[in-house]
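Chain residues, written in single-letter form:
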Amino acid sequence: PFDSSKLNLSSNQCSISKNHILLQQAIYWLPETNPNHTTTLPMKYFVTGCAGFIANRVAQFLLDAGHDVVGVDNMNDYYDVSLKEHRVDKLKSCERFEFHQIDLESRDSIKKIMDSHDFDAVVNLAARAGVRYSMVNPTVYMTTNAMASLYLLEEMQERVIKKYVLASTSSL
C-alpha cells in the first residue's frame with residue numbers, strides 16, 4: 001500500500017499551491033458549490049480520472065460539500081498504481097462515493113454508467129499525461145484525451161446534462 005508519509009511536499013509547495021487555487025476556482029465555478037448560489041443538495045457528479053491528484057481532490061471537495069460522486073479511472077500504470085489505489089480507497093470511505101474502473105476509450109462503458117445514474121454535471125479530469133510519451137504513442141493520447149471527451153459530450157447531450165468542466169493536458 002501507498003505510504004503518504006514518504007511524500008516530500010515541501011519541494012513541490014509552489015506547484016501544489018497553484019494547483020490547489022485553480023482547483024478551488026473550478027469548483028467555485030460550479031453553481032452547486034458556490035456559497036452565493038442556493039440550490040437543493042445533493043447534486044450528482046460524474047468525475048473522471050478520480051485516482052489522479054486533481055480529480056481526487058475535486059471529488060473530495062464535492063463529497064465534503066454534501067454531493068454524490070461517481071468516479072471513474074482506468075488505473076493505468078503511468079503513475080504509481082498504489083498511490084492511485086490509496087486515493088480511491090480514501091474516497092470509498094464516503095458512502096456517497098461510487099467507483100468504477102473503466103477506460104473512457106470505451107463509449108459503451110461510459111453509456112452504461114450514465115444509463116444507471118441521473119447526473120447533474122460531468123467533471124472530466126481524466127487524461128494521459130506525459131508530453132514525451134505522447135510523441136512516441138500519439139494514438140493512445142488522441143483516443144484517451146480527445147475521443148473520450150467527445151464520447152462524454154455525446155452521452156451528456158443524449159441525457160441533457162448541461163454542466164461540464166474539462167481540465168486539459170499538455171499532451172493533447
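In short, a report on the structure. None of the values given here were measured: they were computed from a predicted structure.

## Focus on the sheet that holds strand E2 (residues 68–73)
Pairing within the open sheet is parallel, and its 5 strands lie in the order E3-E2-E1-E4-E5. A strand with exactly one partner marks an edge of an open sheet, and here the two such strands are strand E3 (97–101) and strand E5 (163–166). Taking each pair of neighbouring strands and ignoring which way they run, the sheet shows an average axis angle of 15°. Pairing geometry for strand E4 (residues 121–124) and E5, over 4 bridges, is parallel. Within the sheet, the bridge partner assigned to Asn124 lies in E5 and is Leu166. Docked against the sheet, helix H2 (residues 53–64) engages strand E1 (44–48), E2, E3 and E4, running at close to 170° with respect to E1.

## What to know about a nonpolar patch on the surface
There is a patch of nonpolar side chains on the surface, built from Tyr78, Tyr79, Tyr133 and Val136 and spanning about 460 Å² of accessible area. Structurally, the position occupied by Tyr79 is in the loop between E2 and helix H3 (81–92). A relative accessible area of 52% means that Tyr79 is categorised as exposed.

Cut-offs used in this document
- Residues numbered from 1 in each chain as written.
- Predicted model: local features only at pLDDT ≥ 70, side-chain atom pairs only at ≥ 80, totals over all residues.
- Heavy atoms only, no water.
- Pairing = 2+ DSSP bridges.
- Helix = DSSP H or I, 4+ residues; strand = E, 2+ residues; numbered from the N terminus.
- Axes fitted to C-alpha atoms, helices over the stretch in contact; angles between N-to-C directions.
- Contact = heavy atoms within 4.5 Å.
- Patch = residues over 30% accessible without salt bridge, like charges linked within 9 Å, V, L, I, M, F, W, Y side chains within 5 Å.
- Areas by Shrake-Rupley, 256 points an atom, 1.4 Å probe, with all protein chains shown as cover.
- Salt bridge = Lys/Arg side-chain N within 4 Å of Asp/Glu carboxyl O.
- Buried < 20%, exposed > 50% of the residue type's maximum accessible area, 1.4 Å probe, protein only.

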